[in-house]
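Notes for the structure review
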Amino acid sequence: MTELTGAQAASFAMKQINPEVVSAFPITPQTEIMMDFAQFVADGDVNTEFVLVESEHSAMSSAVGASAAGVRSMTATSSAGLALMFEILGVASGSRLPVVMNVVNRALSAPINIHCDHSDSMDCRDIGWIQLYSEDAQEVYDNTFIGLKLAERVKLPAMIMQDGFINSHCLQNIKLLKDAEIKNFIGKFKPKQSLLNFKKPVTIGPLELFDYYFETKRQESEAMISALEDYKIVCKSFEKMSSRKYSAVEKYKLKDADYAIVALNSVCGAVKDVVDELRINGEKVGLLKIRLFRPFPYDDVLNALKHCKRITVMDRSESFGANPPIMSEVVNSLKNAKKINSVIFGLGGREIFEDDIKNIYYNMIKNKKQERYVGCRE
Amino acid sequence: MKKNYKQIPIGGMITKAGNSEEYKTGDWKSFKPERDEKKCTNCLICVNYCPENCIKVKNGKLNHFDLDYCKGCGICATECPFKAIVMELDTECEL
Amino acid sequence: MNFKELAMASNKLASGHRSCAGCGFPSIVRTVMKATKKQIIVSCATGCLEVTTTIYPYTSWLTPFIHNAFENASATISGVEAAYKALKKKGKLRKDVKFLAIGGDGGTYDIGLQSLSGALERGQNFVYLCYDNEAYMNTGVQRSSATPRGANTTTTPAGKASFGKLEWKKELMQIAIAHGINYAAQASPHNLIDLYNKAEKAFNTKGPSILVVLSPCPLGWKSNTNMSVQIAKLAAETNFWPLYEYENGKYVLNYEPAKRKPIIEFFKTQGRFKHLLKNKKLLEEIQGKVDEKWSKLKKLCEEK
């Protein structure tokens, strides 16, 4: 066991991956990752080319250039930084470049706020990146390897999320893997085409009009769907190495649960505590935690929830004038089979208490109306 | 027949370098260059100025104009120091 | 280098591209790429060059090429260069490779300026080529910060109450030089040998270098397609577009007209200035600015 923060877990994973190129620009609360990594560079622990750019837009642009040149290319960001990258996120996925990025979730402006919610990464959910969410530092660490391996298999970029401050800045016990194990697990990155292959000069990023654009996007979509199966394969080989078992969703005391909460990232820790407490009182409650959000594991969610009487989905981001992101996908999974409540919580780092979560369960148990906003002064 | 989505390289990559030569731009032109071989000194100035790279050289001498690509801009005629090139109406073009 | 040798040097931009007849940039780009025998990787900003040379499934590029977006050609080539350095460090690559980022004036003076500035400041080992046709031509001739005062564009049209663009052209060379780079040059497609020599120096420069090249645009300048090279020549002969370079802290003038022609000679060749030809006051003012900038440049070139 080692004590690391979520941010340190990410930078330590990056150190073990030892990518050829890392592009970086500071933003709270991601900066911890890059500061750590800078020290690894300074100490000669990695032989990465560290490109310290003048904006996140350039960080992603440089990451795309490096990946197109056929090497492992990583970066990290938060909030406004991710929003600034948005245009180039689509270039990375559209060009099928497996860039890997750690995202430390932080609320978007305005008003400016440095604390956690998921409005940054959720706004990027349809840009063609694999999205993995992490409850704690251990999952950040493991998801970074799994994300990289999956990205390179299906040739799509991947982002690995963790909650700003709550996870990124809190020391937690985690189990590290050996460098040699990681090296063996991720293997070598050998893309078919690369800018550095002068025997076969390639043109990347052409103009595609109505005659080919659709076909290229169709390929991308198929690749993303195929990532669902590939994720299972990657998780299996990760389990062999680490004895840690991962799946697209985690079911916590859900098997016989009548009342379920669906959530992702760090709040799941608190929900689990509440579940334990309510279980002692004999309440049949459980949690469904989503790890893989893109591609979305619809079947897993349906199978996990179909027996539940009531479900409340907790979103830490808003879709103004529409169902929030996780809610939408859970509704899609269950179609019209269930009555599902939506809860939005924790925007901009607003605290959520175990009592709030308890209330959510009791609203279901007692068949009471669930308010959509929890923790907001009405 | 255009290729379907399974037949094209991923990510829009074009793997045949310089294959735009399969696309003929020659039908854009209304005028085409004609060279007076007596006046031409094979200085090859025109070759460098031609935006289409369609003035072909053989053994260090101007060989021919590749009209498959010539767009008829007339730069070669204007820049020739010996007035060895004139632009003539391209009778094959659709006016 | 002479025209014969240049004509026979290995070409990296194939025919079949779809730039307009008489476009300035194909010969610029070809000449620049001929100036090194090393392998080149090109990163190109969104714009006319990128669009006309990579219409799927066709590419005119005979060398590895990447287009990322409008504003990030320099950041993109930075990543490519970093990948190259990483592989070289590991001994996985032995070749010497040259890196070339290309943008139009929009992608350079305006939306790509930050990305360019970052790459210049970081000392990335690359050549930046700006083909400057003085407006956003690809989207239909809108003004950019490189559009000269008085030019008629679709967003600065001349009308009863306006003579076209109000502002003066931005000084890209000075901005680039202020980064402390070792080589910067302004060139023109009428003098391809001069352009070749400058490109050769740029490729041989350690760290970043920049080539700013005027690129006549028959569509946006409203000029005859056969006149592109002649118009570029007039730009130099009127001192509108001086040919000069900045090498290791020293300015060098590459061409000085025996008697500079009046600016109206340049304006007369292009529809974008048509409305100015009778505006004596503005012509005088522009002439004054051209002369003032020229004498400042001459002073810089005389400095030891």
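Per chain, the residues get numbers from 1 upward, laid out in the order the sequence is written. Lettering for chains starts from A, numbering for ligands starts from 1, and both go in the order in which the items are written. Totals for whole chains, interfaces and linings use every residue, but because this is a predicted model, local features are given only for residues with pLDDT of at least 70 and side-chain atom pairs only at 80 or more, for both listing and counting. Excluding hydrogens and water, the side-chain figures rest on all heavy atoms present in the structure.

1. Let's talk about the interface of chain B and chain C
Listed per partner, the contact involves 36 residues of chain B and 38 residues of chain C. In this assembly, chain B packs against chain C so that about 2,900 Å² is buried in total across both faces, 58% of it on carbon and sulfur atoms. For salt bridges, the criterion is a side-chain nitrogen of Lys or Arg within 4 Å of an Asp or Glu carboxyl oxygen. In this assembly, chain B and chain C are joined by 0 salt bridges. In protein, a polar contact requires one atom able to donate a hydrogen and another able to accept it; more generally it is a pair of N or O atoms within 3.5 Å, and residues adjacent in sequence count only if both atoms are side-chain atoms. Across the contact surface, chain B and chain C share 24 residue pairs in polar contact (both at pLDDT 80 or more). At the level of elements, helix H1 (45-49) and helix H2 (75-79) of chain B are the ones that each hand at least two residues to the side of chain B that touches chain C. Secondary structure follows DSSP: runs of H or I at least 4 residues long count as helices, runs of E at least 2 residues long count as strands, and numbering of each begins at the N terminus. Tallying contributions element by element places H1 of chain B first for the side of chain B that touches chain C, with 4 residues. Any pair of residues with heavy atoms lying within 4.5 Å of one another is described as a contacting pair. The term buried area refers to how much accessible surface (probe radius 1.4 Å) is lost by two components on association, counted for both of them together.

2. Overview of the interface of chain C and chain A
On the chain A side, the residues contacting the 42 residues of chain C number 38 residues. For the pairing of chain C and chain A, the buried interface totals around 3,200 Å² over both sides, and the portion due to carbon and sulfur atoms is 64%. Along the contact surface separating chain C from chain A lie 4 salt bridges. The partner of Glu 49 of chain A in a salt bridge is Lys 89 of chain C, and the shortest N-O contact between them spans 3.0 Å. Scanning the region where chain C abuts chain A turns up 14 residue pairs in polar contact (both at pLDDT 80 or more). Among the secondary structure elements, those contributing two or more residues to the side of chain C that touches chain A are strand S1 (39-44), helix H3 (48-53), strand S2 (65-67), helix H4 (73-89) and helix H6 (113-122) of chain C. With 12 residues, H4 of chain C is the single largest residue contributor to the side of chain C that touches chain A. Gly is placed with the polar residues, together with every amino acid not listed as nonpolar (Ala, Val, Leu, Ile, Met, Phe, Trp, Tyr, Cys and Pro) or charged (Asp, Glu, Lys and Arg). Classifying every residue of the side of chain C that touches chain A gives 21 nonpolar, 14 polar and 7 charged. For two strands to be treated as a pair, DSSP must find no fewer than two bridges joining them. Relative to S2 of chain C, strand S9 (residues 203-204) of chain A is paired through 2 bridges, and the arrangement is parallel.

3. Observations concerning the packing of helix H3 (residues 56-68) of chain A against H4 of chain C
Angles shown run from 0 to 180 degrees and are taken between the N-to-C directions of axes, each axis being a line fitted to C-alpha atoms and, for helices, limited to the stretch in contact. Viewed as axis vectors pointing N to C, H3 of chain A and H4 of chain C meet at an angle of 45°, and their least axial separation amounts to 6 Å. Viewed along their axes, H3 of chain A and H4 of chain C adopt a mutual orientation that is oblique. Seen from above, H3 of chain A lies across H4 of chain C with right-handed handedness. Residues Ser 58, Ser 61, Ser 62, Gly 65 and Ala 66 of chain A of H3 of chain A touch H4 of chain C, and the partners they reach there are Ala 75, Thr 76, Ser 78, Gly 79, Val 80 and Ala 83 of chain C. The residue makeup of the contact of H3 of chain A with H4 of chain C, split by class, is 4 nonpolar, 7 polar and no charged. Here the angle decides the label: under 35 degrees means roughly parallel, over 145 means roughly antiparallel, 65 to 115 means roughly perpendicular, and every other value means oblique. Crossing handedness is defined as follows: a turn of the near helix away from the far one that is anticlockwise and smaller than a right angle gives a left-handed crossing, while the clockwise case is right-handed.

4. So, the packing of aromatic side chains
Two aromatic rings, drawn from Phe, Tyr or Trp (for Trp, its six-membered ring), form a pair once their centres lie within 6.5 Å of each other, and the interplanar angle then sorts them: stacked below 30 degrees, edge-to-face above 60, tilted otherwise. For the coordinates displayed, the defined rule picks out 22 aromatic pairs over all chains. Between the aromatic rings of Phe 238 of chain A and Tyr 246 of chain A, the centroid separation amounts to 6.0 Å while the plane-to-plane angle is 45°, which identifies the pairing as tilted. Of the two residues, Phe 238 of chain A and Tyr 246 of chain A, neither departs from the other in class, the shared state being buried. Judged by centre distance (6.1 Å) and plane angle (45°), the ring pair of Phe 266 of chain C and Phe 267 of chain C falls under tilted. Neither residue differs from the other here; Phe 266 of chain C and Phe 267 of chain C are each classed as buried. Geometrically, a charge over a ring is one whose NZ (Lys) or CZ (Arg) sits within 6 Å of the ring centre while staying within 35 degrees of the ring normal. Here the basic side chain of Arg 18 of chain C rests over the ring of Tyr 23 of chain B, its NZ or CZ set 3.4 Å away from the ring centre. Its end group placed over the ring of Trp 168 of chain C, Arg 149 of chain C keeps NZ or CZ at 5.2 Å from the ring centre. To sort residues, take the accessible area from a 1.4 Å probe on protein chains only and compare it with the maximum for the residue type: under 20% means buried, over 50% means exposed, and anything in between is partly exposed.

5. Here we look at the domain arrangement of chain A
All names here are of chain A. In this entry, domain limits derive from an automatic or database-based domain assignment. On domain assignment, one finds that chain A holds domain 1 (2-242) and domain 2 (249-374). Here the C-alpha centre of domain 2 lies 27 Å away from the C-alpha centre of domain 1. Among the residues of domain 1 in contact with domain 2, Arg 125, Tyr 133 and Glu 135 are the three that bury the most area, contributing 28% of the side total. On the surface where domain 1 and domain 2 come into contact, there are 5 salt bridges. Counting the contacts that link domain 1 with domain 2 gives 18 residue pairs in polar contact (both at pLDDT 80 or more). Of all the secondary-structure elements, those providing two or more residues to the side of domain 1 that touches domain 2 are helix H5 (119-122), strand S6 (130-133), strand S7 (158-163) and helix H8 (213-242). Here the residues of the side of domain 1 that touches domain 2 sort into 13 nonpolar, 8 polar and 6 charged.

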